[in-house]
Amino acid sequence: MAQLFFKYGAMNSGKTIEILKVAHNYEEQDKPVVLMTSGLDTRDGVGMVSSRIGLKREAIPIFEDTNVYDVVKALDVQPYCILVDESQFLSKHHVIEFATVVDELNIPVMAFGLKNDFRNELFEGSKYLLLYADKIEELKTICWFCHKKAIMNLHYINGQPVYEGDQVQIGGNEAYYPVCRKHYFHPKDRMD
């Protein structure tokens, strides 16, 4: 029976490499998958799933007006699984449409993304995935400054931590650090 999965983690927790690994494992068994990603993430071009370790693949971009249920239903070949990167950028209607893909088309959907932004607020997509997902899993990484588990994302501009601003600010290691709660509030305290 198909399910909706939400796999979340802080920056650098391996979300994208996990998507690429899952896709590879399905395809190695001749089971087609569909990769989708937010059209907002343009770091490597629109419609690209790119890992920091250099692996990348094309994906179907999701924009605000995209009806993901219609996109999946119109595919020539029914996939064994839908894999969604940057799912924090989904809108509520996208999450409900993915739930409908699971319930009506019996296709599993695995969504990967951040849970909270640099202001420590939930993203819309993450909020509704937490509400609608059948299974939720945290992908773990360690704090940039210590050995504790990273649960937040610290945003930096010109070497200074930033706690306010627009929620969506695309960036990677040059702009964000995965951090524990202590170092989110006190990033200058580099060691315990």
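From a predicted model like this one, the values you see are computed outputs, not experimental measurements.

*Asks:* Sorry, what's going on with the sheet that holds strand 9 (residues 152-157) here?
*Replies:* By definition, the strands of a sheet pair up through backbone hydrogen bonds, in either a parallel or an antiparallel sense. With antiparallel pairing, the 3 strands of this open sheet are ordered in space as 10-9-11. Where the open sheet ends on each side, the last strands, each with one partner, are strand 10 (160-162) and strand 11 (176-179). Within the sheet, the average angular offset between the axes of one strand and its neighbour, ignoring direction, is 45 degrees. The sheet contact formed by strand 9 and strand 10 spans 3 bridges and is antiparallel.

*Asks:* Is there a simple way to explain the nonpolar core in this structure?
*Replies:* Side chains of nonpolar character tend, in soluble globular proteins, to be buried together. With 24 residues, the main nonpolar core has L4, I82, V84, F98 and V109 as its most contacted residues. Considering every element that reaches this core, the biggest residue donor is helix 3 (residues 92-105), with 5 residues. Not counting residues within four places of it along the chain, the set of residues in contact with L4 comprises F98, A99, V102, V109, L129, Y132, A133, D134 and K135. Of all hydrophobic cores here, the second largest spans 14 residues; its members include I19, L20, A59 and C81.

Calculation criteria
- Residues numbered from 1 in each chain as written.
- Predicted model: local features only at pLDDT ≥ 70, side-chain atom pairs only at ≥ 80, totals over all residues.
- Heavy atoms only, no water.
- Pairing = 2+ DSSP bridges.
- Helix = DSSP H or I, 4+ residues; strand = E, 2+ residues; numbered from the N terminus.
- Axes fitted to C-alpha atoms, helices over the stretch in contact; angles between N-to-C directions.
- Core = buried A, V, L, I, M, F, W, Y, C linked by side-chain atoms within 4.5 Å.
- Buried < 20%, exposed > 50% of the residue type's maximum accessible area, 1.4 Å probe, protein only.
- Contact = heavy atoms within 4.5 Å.

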